[in-house]
Amino acid sequence: MEVTPKTGFKGLIENWQSDLIAAVSVSLIALPLSLGIALAAGAPAMAGIFSAIVGGVVTTLYRGGHISVNGPAKGVIAVILLGIAMMDDGTGQAFNYVLAAVVVSGAIQVLLGLLKLGRLADIFHSSVIHGLLAAIGIIIFAKQIHVAMGTKSDSPSIIQNLVDAVLYIPQANPFVVIIAVAGLLLLLFHSKISYRFFHILPAPMWVIALSIPFVYFFNFFDKHTLSFFGKAYEVGPKLLLDIPDNIMDSIMHPNFNKINTIEFWTTVFSLLIITSIESLAIAKAVDKIDPYKRKTDLNKDLTGIGLSTIVAGLIGGLPIIAVIIRSTVNIHNGAKTKWSNMYQGLLLLLFIVVLSPIMRQVPLCAFAILLVYTGFKLASPAVFKQVYSQGAEQLIFFIGTMILTLYTNLLIGLLGGLLLAMVGHMLLARVSIPRFFKMIYNSGSNLEKQADGSFDLNIKGIANFLGILKLDKLVSQIPTGANVNIDLSETRLVGMTYMDYLIDYLKMQKDAGGNVVLKGLDSHVSSSNHNRALKISLNNSPTKLSPRQVRLQNLANEKDYQYTNQVDWNTSYLKNFHFFEIRPIERKSNCLKGSFKDLNVSWEIADVTFNEGAAFTAETFNTTLMVLKLNKKIPIFSMEKEGVFEKLFDRVMAFTGYKDIDFEMYPDFSNKFLIMGNNESEIRSFFTDEIIRFFEDNQIYHLESNGEALVIFDKIKLARTDETVAFIDYSKKLVSLLNENLKFAP
């Protein structure tokens, strides 16, 4: 691990080059998305740019994070649309009223941060928040699909907008649809294109850039009609982005005349809740993928975002939040300090001044398809499947919140979803209403300090989202890096949000050098095998092993291996491999350990749960992998099947110093495998004739070296017992061959 970058102006001077390079990539993504978000929200296009610039410049000057990127995000679209619709009084001031709500919500955020109430976001049930975001995704999709089709639905109902999208297909403008479909194909296949030229620009910029030739070909600059299969369709400047020649002409100011109305305060609190929850969740998610393991001061970050939101609202911008996609790109492109956020804001200002003549040639449907794609991802079948994998009850909370939000508004949807989750917990716990609340707020949970300096945290009663703040008060008394035993044996119910908090705390303590043990859940039952699933204790019967676990236990007994089915939260060693360096690992389980004694090599096979993406967009995956501790120095490299661009394979490696290495004497091997690494000469020495022939003749695995060990896995799924045996046999052959051929010093 490199030395942690300096903070403040010393960090700016020391890391300006890497931060600036990362900011270029971030700003190229932020430019089209910021414009698209503003248009989708019914706001002037420049409102999104103002928000991105303020989020970059102002937030950087006062923030609690280190490497996240701030600006407008899709989560606010539905709230802005709602605010404009509720406060439209026919005077043309609807968006100005919303700007006033933006300013007030920012001021409340500042107050919450100063009062150190950033942790309030933890009390919102995770499945309810996911349901809220799915509803936002559907709202975005329902509104923007019409722009992408060249149709229009005047209904205020989101459901009717979706129905109209189907009914109006015969009326769709084919010249608009052609551009939208071309953009959609680019978004779908950009990551699968192997030509490095196509990775110079991020996918959203390609969508914008390649839409412009269509505009010239169809001549959108002049109002006229074009014929398609004998039917005439109107095209013209109204289909293009409209931004003023002078940026100053786009500045708008808030109007506070609606401050005494329920509509105004509904908008304020909707903005406050959505932006605060999303920003704080993303801040914690970015901390997990920060290569320097720095922690965000959530209260300071909330204050900084609030200050920026005030400034944005005063000049006509959208609310500011931390943005996960841009933050991830920022990290992957080598940013080291908070100043990369400022650079991207300044670059956006430069781009919009220099590129504004070009941006006026971009069709609205190109921005719309970016948002259609985003909206679909927020509420795709994969999201429903992921929520269901966390438990059947989570799917009920998720769908209930989503439907309630779609038929009312975000604030009612959130409150109704939380009420649904609370009632669900009451029914699952099977206790009376008074006893339910007593088991949350007067449960007898306590913290004890032991003579050796460790702490015992005994949690009792109902442990759900309503008790998060009480739990936070208890753990705040534990020093950072201390050893902690967390006993949940006396709980009646442990909710998913509560488990989220405990596991995040566990990881934080481990990163600080402490050892945290979670115990007492063996007699709890769950509707899912997800490690954070809701758990209920109905009896004291021990958990039975699954058929697969029984087979693994029998294999261990037969071969004299060590086996445990218990969850192991200590996954820090896997972070030494590039694949897991940027993917948060949840846990290990079903660990099988052994050694090749005659070869002086130890190994471990385990089921690993990890996340791809972060915060609300994260997907959870399970795989069975093997770690081989070689006790020899070997080059650092990664080997993957050539030509298969799995979504989990990190193509970013190709742009961070890693190089695809071909072996001209072995064209079949080079065609079959993608070998990547920094030190080409050492890697070529490692891949001897015998080793190359071994890989050509045997099963193709993903194989990666961290310099002293290898991690090997096949597919992103759990291995069967016979596949586990094949792992061991494959590895023994490989290690024997390496011992014969390696010339590296031990």
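The rules behind these values
One numbering rule holds for all chains: residues counted from 1, following each sequence as written. Confidence filtering applies because this is a predicted model: local features only for residues at pLDDT of at least 70, side-chain atom pairs given and counted only at 80 or more, and all residues used for totals across whole chains, interfaces and linings. Where side-chain values are given, they derive from all heavy atoms of the structure, hydrogens and water being excluded. The secondary structure listing takes helices from DSSP runs of H or I that are at least 4 residues long and strands from runs of E that are at least 2 residues long, numbered from the N terminus. Burial here depends on accessible area, computed with a 1.4 Å probe over protein chains only, as a share of the maximum for the residue type. Under 20% is buried, over 50% is exposed, and the range in between is partly exposed. Contact definition: two residues touch when any of their heavy atoms are within 4.5 Å. Working definition of accessibility: Shrake-Rupley area with a 1.4 Å probe, residue cover restricted to the visible protein chains. Working convention for charge: Lys and Arg count positive, Asp and Glu count negative, and His plus the chain ends are omitted. One atom stands in for each charge, and that atom is NZ of Lys, CZ of Arg, CG of Asp or CD of Glu. Between any two strands, pairing holds if DSSP finds at least two bridges. A pairing counts as a salt bridge when a side-chain nitrogen of Lys or Arg comes within 4 Å of a carboxyl oxygen of Asp or Glu. The pairing test for Phe, Tyr and Trp rings, Trp by its six-membered ring, is centres within 6.5 Å, and the orientation test on the planes gives stacked under 30 degrees, edge-to-face over 60, and tilted for anything in between. Whether a charge sits over a ring comes down to the Lys NZ or Arg CZ being within 6 Å of the ring centre and within 35 degrees of the ring normal. What counts as an axis is a line fitted to C-alpha atoms, over the stretch in contact for a helix, and the angles between N-to-C directions run from 0 to 180 degrees. These descriptions rest on fixed angle ranges, namely under 35 degrees for roughly parallel, over 145 for roughly antiparallel, 65 to 115 for roughly perpendicular, and the rest for oblique. The sense of a crossing depends on the near helix, which, turned anticlockwise from the far helix by less than a right angle, makes the crossing left-handed and, turned clockwise, makes it right-handed. Per-residue confidence from the predictor is given as pLDDT, running between 0 and 100.

### Regarding the overall build of the protein
Here comes step 1: Looking only at helices and strands, one finds 25 helices and 19 strands in the protein.
Here comes step 2: Counting only C-alpha atoms, the protein reaches 80 × 75 × 55 Å along its principal axes.
Here comes step 3: Burial analysis of the protein (746 residues in total) assigns 56% to the buried set.
Here comes step 4: Contacts spanning at least 24 positions in sequence make up 73% of the contacts within the protein whose residues lie at least 6 apart.
Here comes step 5: Total accessible area computed for the protein in this model is approximately 31,800 Å², and 59% of it derives from carbon and sulfur atoms.
Here comes step 6: Considering the protein, the positive charge centre built from 65 side chains and the negative charge centre built from 61 side chains are found 4 Å apart.

### What to know about the pairing of strand β3 (residues 231-235)
Here comes step 1: The pairing of strand β2 (residues 224-228) with β3 spans five bridges and is antiparallel. Following the sheet pairing, Thr225 is matched in β3 by Glu234.
Here comes step 2: Where β2 folds back on β3, the antiparallel hairpin that results is connected by two residues, among which Phe229 adopts a positive phi of roughly 50°.

### Brief notes about the environment of Ala366
Here comes step 1: Mapped onto the secondary structure, Ala366 falls in helix α13 (residues 364-378).
Here comes step 2: Looking at Ala366, the relative accessible area reads 1%, which means it is buried.
Here comes step 3: Apart from residues lying up to four places away in sequence, Ala366 is in contact with Val207, Ile208 and Ser211.

### A closer look at the pattern of salt bridges
Here comes step 1: Counting across every chain of the model gives 16 salt bridges.
Here comes step 2: The partner of Asp89 in a salt bridge is Lys258, and the shortest N-O contact between them spans 3.6 Å. Note that Asp89 is positioned in the loop between α3 (77-87) and α4 (94-114) and Lys258 in the loop between β3 and α9 (262-289), a separation of 169 residues in sequence.
Here comes step 3: The exposure class of Asp89 is partly exposed, given its relative accessible area of 35%.
Here comes step 4: Lys717 serves as the salt-bridge partner of Glu723, at 3.1 Å between the closest nitrogen and oxygen.
Here comes step 5: With relative accessibility at 23%, the residue Glu723 sits in the partly exposed group.
Here comes step 6: Given the relative accessible area of 34%, Lys717 is considered partly exposed.

### Side note on the packing of aromatic side chains
Here comes step 1: Inspection of every chain in the model, using the stated rule, returns 32 aromatic pairs.
Here comes step 2: Note on Phe175 and Phe228: the rings are 5.9 Å apart at their centroids and 85° apart in plane angle, and the pair reads as edge-to-face. Residue Phe175 is found in helix α7 (residues 174-189), and its partner Phe228 is found in strand β2; the two are separated by 53 residues along the sequence.
Here comes step 3: Taken together, the ring pairs connect Phe637, Phe663, Phe669, Phe673, Phe686, Phe687, Phe694, Phe695 and Tyr730 into an aromatic cluster.
Here comes step 4: A cation sits over an aromatic face here: Lys300 above Tyr62, 5.3 Å from the ring centre.

### A short note on the packing of helix α24 (residues 689-697) against helix α25 (residues 721-741)
Here comes step 1: Where α24 contacts α25, the axes come no closer than 10 Å and their chain directions differ by 165°. By the criterion of interaxial angle, the relationship of α24 to α25 is roughly antiparallel. The two elements α24 and α25 meet at a crossing, and its hand is right-handed. Facing Glu690, Ile691, Phe694 and Phe695 of α24, the residues of α25 in contact are Tyr730, Lys733, Leu734, Leu737, Leu738 and Asn741.

### Remarks on the confidence of the model for the protein
Close inspection of predicted coordinates is inappropriate in any region flagged by low pLDDT.
Here comes step 1: The predicted model of the protein has a mean per-residue pLDDT of 88, with 95% of residues at 70 or higher.
Here comes step 2: Within the protein, α4 carries the highest mean pLDDT (96), whereas strand β16 (residues 659-660) carries the lowest (62).

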